[in-house]
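If you want the building blocks of each chain, they are given just below.
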Amino acid sequence: MHDIRLIRDDPAAFDAAMARRGLAPLAEAILALDSARRDALTTQQEGLARRNALSKQFGDFKKQGQNPPTDLVAELESLKHNLPQGDVDVAAKTEEIHALLSALPNRPAAEVPEGADEAGNVEVARWGTPRVFDFPPIEHADLGPPLGLDFETGALISGARFTFLRGQMARLHRALGQFMLDRQSGENGYTECNPPLLVKDEAAFGTGQLPKFAEDLFQTTEGRWLIPTAEVSLTNAVQGQILSDAALPLRMTALTPCFRSEAGAAGRDTRGFIRQHQFEKVELVSIARPEDSEAEHERMTAAAESILQALGLPYRRMLLCAGDMGFTARKTYDLEVWLPGQGAYREISSCSNCGDFQARRMNTRYRPEGGKGTEFVHTLNGSGLAVGRTLVAVLENYQQADGSVDVPEALKGYMGGLTLLVPQG
RNA sequence: GGAGAGGUGGCAGAGUGGUCGAAUGCACCGCACUCGAAAUGCGGCAUACCCGCGAGGGUAUCCAGGGUUCGAAUCCCUGCCUCUCCGCCA
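Predicted model, so just to flag it, every value in this text is computed and none were measured.

Another aspect to go through is the sheet that holds strand β7 (residues 242-244). Spatial ordering of the open sheet is given by β7-β13-β14, a layout of three strands whose pairing is mixed. Only two strands of the sheet have a single neighbouring strand rather than two, namely β7 and β14 (375-376). Where strand β13 (residues 365-367) and β14 come together, two bridges link them in antiparallel fashion. Note that in β14 the partner of Tyr 366 across the bridge is Glu 375.

See below:
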């Protein structure tokens, strides 16, 4: 959500920022609405002030046992008749401008590169050396089934984009989640959380899924939304709050299932475990002071990278261009892991600084120490990491010629003695 | 799911139709006293928005939304949430 004052102060800069996202100029229309709303509001407030004053007189007459003069009564009568319409007028204009503003994406940070889509993303770092295979590495979709990655049963009971994990594969999946959560809540200093997976409209609005992206979510019959990421639950944990300066930064992590309808992704990644309706992810969320959010973003990205490094998975860090960033982000790093079976880098984590964009939607503020009043916090979120995609990366990077898969050193303590995944039947 | 109680400022907690944006206590900030601190005294201390160059003025907010009334923290309805008891249940 944008600060309307920012648009009033510099409409051209606002339009320029939206243009980077590929949007047509909007400031003029917004400001016209804003001006109409304020006119209506001022008129209404003058009416209310008049009513309050007259009501006081009315009460004074009554208290002295006198009947209020008829012209006083008449004016009150007319105010009583007219004020509700003024309310409706103001509410309608407020709603109109709110609807418009809440559907606009965040302004990209200055250092975010120009670009319309992923082709404009910039590689800023690369870690690890892809392993040299003495046999042709295969994709996880072919490698996985004999190891317990059961796409058929997933499709049987739930349909496309659902997978059933069995035996050693289920164990490896669990090990990955536990390992990541331990790492983030331990060394990396995030507080482990176990949040609700179903949330109210307000929460989905706060993190930006609503009103624009409802079709990407699953909704229960009684109206709650299944979280598409724990970002929604963790970030909204501070909705409506005024935090103390000393409490910041707030760092939270959670391992949760995530649910996505994948509307609009028809035909993409239909094979394999990359794009599922349900997947697990360790999420990182930080609530930070504005002046610290830049550094916090780097710290968070490093926390996500620490998992890839510990698992020995080569990756690169991409700085997303303006056109490829998510709705709420002002700056985003994607981590892309090397998948030798596909011969490509694939997204496995996305770490975003949302600035005060979500904080405004949630109305989350803090009291700066020594300062006056309150200020919106900055929110950040990142995957640390997506468990399913990490499973894919482990399979493809640690595969052997005979179709077995080595368990990475870092996971051995989580595997109950299992050090090698072996094809069954 | 059934029955009951309740939701007031950072916290606790008064307030049942106008004099209430709201007593009091605690916390916090400033000043005084003090070598300093504590104690004490005095003063201050909600949020958002609108008008105004400013000084300042105004509006709204006592969970939320409706309603009654000239006027609602206070009365009525609905919803949400919390607590207690019962039922069911992992």
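Our focus in this paragraph is unusual backbone geometry. Most peptide bonds adopt trans geometry, and most residues besides glycine take a negative phi value. Here Leu 210 and Pro 211 are connected by a cis peptide whose omega angle stands at 5°. Summarising the element assignment, Pro 211 is placed in the loop between α8 (201-206) and β6 (225-226). With an omega dihedral of -5°, the bond running from Leu 248 to Pro 249 counts as a cis peptide bond. Among the secondary structure elements, Pro 249 is positioned in the loop between β7 and β8 (250-259). Phi at Glu 262 takes a positive value of approximately 55°, unusual for a residue other than glycine. Residues other than glycine seldom take positive phi values, yet Asp 269 does so here, at roughly 50°. Here Asp 269 is to be found in the loop between β8 and β9 (278-288).

Before going further, it helps to spend a moment on the nonpolar core. Soluble globular proteins tend to bury their nonpolar side chains together. With 43 residues, the main nonpolar core has Leu 172, Leu 176, Leu 395 and Leu 421 as its most contacted residues. Mapped onto this core, the elements with two or more residues apiece are α7 (167-185), β9, α10 (293-310), β11 (331-339), β12 (344-353), β15 (378-386) and α12 (387-397). Listed in part, the 33 residues of the second largest apolar core include Leu 104, Met 252, Val 285 and Ala 359.

On the surface, Leu 156, Ile 157 and Phe 164 cluster together to form a nonpolar patch covering roughly 330 Å² of accessible area. Topologically, Phe 164 is positioned in strand β3 (residues 164-165). Since its relative accessible area comes to 32%, Phe 164 is described here as partly exposed.

All right, on to the domain arrangement of chain A then. Each assigned domain of chain A is listed here: domain 1 (4-102) and domain 2 (118-421). Each of domain 1 and domain 2 has a C-alpha centre, and these two points are 44 Å apart. Here domain 1 and domain 2 share an interface that buries about 540 Å² over both sides, 44% of which is from carbon and sulfur atoms. Summed over the three residues of domain 1 that lose the most area to domain 2, namely Arg 20, Arg 21 and Ser 102, the buried surface amounts to 84% of that side. Between domain 1 and domain 2 we count zero salt bridges in total. Counting across the interface, domain 1 meets domain 2 through four residue pairs in polar contact (both at pLDDT 80 or more). Class assignment for the residues of the side of domain 1 that touches domain 2 results in no nonpolar, two polar and two charged.

Around RNA strand B there are 18 residues in total, and Thr 42, Ser 55, Phe 58, Lys 80 and Thr 374 lie nearest to it. Backbone atoms, meaning sugar and phosphate, form 72% of the atoms of RNA strand B found within 4 Å of the protein. One nitrogen or oxygen atom from the side chain of Gln 45 is found 3.1 Å from a base nitrogen belonging to RNA strand B. At 3.1 Å from a sugar or linking oxygen of RNA strand B is found a side-chain nitrogen or oxygen belonging to Arg 365. Going through the elements one at a time, α1 (4-9), α3 (27-63), α4 (70-102) and β13 are the ones with two or more residues in the surface near RNA strand B. Considering only residue class, the surface near RNA strand B consists of five nonpolar, six polar and seven charged.

Attention shifts here to the packing of α3 against α4. Between α3 and α4, whose axes approach to 8 Å, the crossing angle comes to 155°. Our classification of the angle between α3 and α4 gives roughly antiparallel. In this structure, α3 crosses over α4, and the sense of that crossing is left-handed. Here the contact of α3 with α4 is built from residues that sort into 18 nonpolar, six polar and nine charged.

All right, on to the packing of aromatic side chains then. Taken as a whole and judged by the stated rule, the model has six aromatic pairs. Ring centres of Phe 133 and Phe 135 lie 5.4 Å apart, and the angle between their planes is 85°; this geometry places the pair in the edge-to-face category. Under the relative-accessibility criterion, Phe 135 is labelled buried at 14%. Both rings, one in Phe 213 and one in Phe 327, keep their centres 5.2 Å apart while their planes meet at 75°; by these two values the pair is edge-to-face. Placement of Phe 213 in the loop between α8 and β6 and of Phe 327 in the loop between β10 (315-319) and β11 is noted, with a sequence separation of 114 residues between them. For Phe 213, a relative accessible area of 27% gives the class partly exposed. The exposure class assigned to Phe 327 is buried, which follows from its relative accessible area of 11%. An aromatic cluster of three or more residues is present, and its members are Phe 213, Phe 327 and Phe 357. When the ring centre of Tyr 333 is taken as reference, the NZ or CZ atom of Arg 317 above it lies at 4.5 Å.

Rules of the game
Residues numbered from 1 in each chain as written. Chains lettered and ligands numbered in written order. Predicted model: local features only at pLDDT ≥ 70, side-chain atom pairs only at ≥ 80, totals over all residues. Heavy atoms only, no water. Pairing = 2+ DSSP bridges. Helix = DSSP H or I, 4+ residues; strand = E, 2+ residues; numbered from the N terminus. Core = buried A, V, L, I, M, F, W, Y, C linked by side-chain atoms within 4.5 Å. Buried < 20%, exposed > 50% of the residue type's maximum accessible area, 1.4 Å probe, protein only. Patch = residues over 30% accessible without salt bridge, like charges linked within 9 Å, V, L, I, M, F, W, Y side chains within 5 Å. Areas by Shrake-Rupley, 256 points an atom, 1.4 Å probe, with all protein chains shown as cover. Salt bridge = Lys/Arg side-chain N within 4 Å of Asp/Glu carboxyl O. Domains from an automatic or database assignment. Buried area = accessible area lost by both parts, 1.4 Å probe. Polar contact = N/O pair within 3.5 Å; in protein donor to acceptor, adjacent residues only side chain to side chain. Nonpolar A, V, L, I, M, F, W, Y, C, P; charged D, E, K, R; others polar. Near = heavy atom within 4 Å. Axes fitted to C-alpha atoms, helices over the stretch in contact; angles between N-to-C directions. Parallel < 35°, antiparallel > 145°, perpendicular 65-115°, else oblique. Left-handed = near helix turned anticlockwise from the far one by under 90°. Phe/Tyr/Trp six-rings, centres within 6.5 Å; stacked < 30°, edge-to-face > 60°. Lys NZ or Arg CZ within 6 Å of the ring centre and 35° of its normal.

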